[in-house]
Amino acid sequence: MTQTAHLPAPAPAAGHRPSAARRALRALAILACLPYISLKVAWVAGSRIGIPAGSVLLEHRQMMVIANAVSVVADVLVVVLALLLTQAWGRRFPAWLLALPMWAATGLLTPIMTGYPAQLAVALVTGDEKAAAPSEPFLDDWVFGVVYGGFILQGLALGTLFALYARDRWSHVWRGRLGELPARTSGPGARALAVAGAVVALVPATLHLMWAAGSATGLSPRRIAERDSDFYVLEAERLGFLVLAVAFTLFLVLRRPARLRVRGTLALAWTASAAVGCWGAYMSLVALLPESDPTKHVPGLVQLSYAGDMITGFLLAACVALFLRRRSAGA
């Protein structure tokens, strides 16, 4: 995403002060971080609030402390971004240095914002119970509601602030329709990256489709026994983000269909590529963590799906970055 470094940065007006709406959104984004940060700090300090007896989280104390500390730093960055997007000095911030963390935040928060409500809705409609096979305790149920609820509020507030900021600073980049874009906005390099991303996406897309349809191929016996409606919702969601990422990135670099607006196409390519790439990278990292229990090892096909998601998302994100750079230079 560093290719966006050439986006212009207009100087802020003297005495620039964010509107009341932006200040309210900033406050919401910051307040929404507090439950998550508070829980993580408490766990680092040794508290067991929200962690039931016998939880697997209590088996690896040192790893838990490190992971929670990193999580706190990541959520603090949300606070920094909320301030950056609403302060005068934020207009002078290098474009690539803002785009990279915003792309990552988009990728990590969007699947939660869509997946968690979908899981609740499906469970409500179907009355689905968790898998009959008992699983080891992990966290109390209320923790998920508090944490994911906070993530959803963070995503809504931060996403709206970024959209307003981008409109003020870069609205010229996404004006018009795809058919009106000059050919220089999508050269052979961007098209090659988009095609490569589409080809790589075939592997994880096939696996997610199989698992969403009920296939157990490549899954561990433990995972097969624990499948419930949440599992199927997440697999369908991952497949959906892959399709959106590939389709709208191709639309962008091919400048077709001509009547599509640049703004919506770019927004979907940005969001979907981030969701695919960032969650693929996160799940790949989790799968590589050491695990002494052989029943918890992540099977090869599952790891392949994570790696495929990550590579696809990063390739398509590079296309979006090239488009932004060239579109900005042309404007």
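It should be noted that the structure appears before, not after, this text.
For the structure given in this document, a descriptive report is provided here. Since we're looking at a predicted model, the values are computed, not measured. (Residues numbered from 1 in each chain as written. Predicted model: local features only at pLDDT ≥ 70, side-chain atom pairs only at ≥ 80, totals over all residues. Heavy atoms only, no water.)

A short note on the overall build of the chain
Then, in step 1: The secondary structure content of the chain amounts to nine helices and zero strands.
Then, in step 2: In the chain, the order of α-helices and β-strands from amino to carboxyl end is α-α-α-α-α-α-α-α-α.
Then, in step 3: Relative to a compact globule of 331 residues, whose C-alpha radius of gyration would be 20 Å, the chain shows 21 Å and is just as compact.
Then, in step 4: Principal axes of the C-alpha set define a box for the chain whose edges measure 60 × 45 × 40 Å.
Then, in step 5: Counting only residues that meet the buried cut, the chain has 42% of its 331 residues in that class.
Then, in step 6: Of the contacts made within the chain by residues no fewer than 6 positions apart, 85% connect residues no fewer than 24 positions apart.
Then, in step 7: Summed over its atoms, the accessible surface of the chain is roughly 16000 Å², and 68% of this surface lies on carbon and sulfur atoms.
Then, in step 8: Computed over 29 positive and 17 negative side-chain charges, the inter-centroid distance for the chain is 22 Å. (Helix = DSSP H or I, 4+ residues; strand = E, 2+ residues; numbered from the N terminus. Rg over C-alpha atoms; globule rule 2.2 N^0.38 Å. Buried < 20%, exposed > 50% of the residue type's maximum accessible area, 1.4 Å probe, protein only. Contact = heavy atoms within 4.5 Å. Areas by Shrake-Rupley, 256 points an atom, 1.4 Å probe, with all protein chains shown as cover. Lys, Arg positive; Asp, Glu negative; His and termini not counted. Charge placed at Lys NZ, Arg CZ, Asp CG, Glu CD.)

Digging into the packing of helix H1 (residues 20–44) against helix H2 (residues 61–84)
When two helices pack together, their arrangement is given by the angle between the helix axes and by the axis-to-axis distance.
Then, in step 1: In the contact formed by H1 and H2, the axes pass within 9 Å of each other and the chain directions differ by 165 degrees. By the angle between their axes, H1 is roughly antiparallel relative to H2. For the pair H1 and H2, the crossing hand works out as left-handed.
Then, in step 2: Residue classes in the contact of H1 with H2 are distributed as 17 nonpolar, two polar and four charged. (Axes fitted to C-alpha atoms, helices over the stretch in contact; angles between N-to-C directions. Parallel < 35°, antiparallel > 145°, perpendicular 65-115°, else oblique. Left-handed = near helix turned anticlockwise from the far one by under 90°. Nonpolar A, V, L, I, M, F, W, Y, C, P; charged D, E, K, R; others polar.)

Remarks on the pattern of salt bridges
Then, in step 1: Applying the stated rule across the entire model yields five salt bridges.
Then, in step 2: In this structure, the salt-bridge partner of Arg91 is Asp168, at a minimum N-O distance of 3.4 Å. Of this pair, Arg91 sits in the loop between H2 and helix H3 (95–126) while Asp168 sits in helix H4 (residues 141–170), placing them 77 residues apart in sequence.
Then, in step 3: Residue Arg91 is classed as buried on the basis of its relative accessible area, which comes to 15%.
Then, in step 4: For Arg238, the salt bridge goes to Glu235, with nearest N and O atoms at 3.3 Å. In this pair, Arg238 and Glu235 both sit in helix H7 (residues 229–254), three residues apart, roughly one turn of the helix.
Then, in step 5: Residue class for Glu235 comes out buried when judged on its relative accessible area of 5%.
Then, in step 6: Through salt bridges with shared partners, one network takes in Arg22, Arg91, Arg167 and Asp168. (Salt bridge = Lys/Arg side-chain N within 4 Å of Asp/Glu carboxyl O.)

A short note on the layout of surface pockets
Then, in step 1: Space inside the second largest pocket adds up to approximately 630 Å³.
Then, in step 2: What lines the second largest pocket is a set of 26 residues, among which Phe162, Ala163, Ala166, Ala267 and Trp270 lie closest to the centre.
Then, in step 3: Taken together, the elements giving at least two residues each to the lining of the second largest pocket come down to H3, H4 and helix H8 (262–288).
Then, in step 4: Residue classes in the lining of the second largest pocket are distributed as 17 nonpolar, seven polar and two charged. (1 Å grid on protein atoms, 1.4 Å probe; cavity = no way out; pocket = protein on both sides within 12 Å on 5 of 7 lines; lining within 4 Å. Points joined across faces, edges and corners; volume = space filled by probe spheres on them.)

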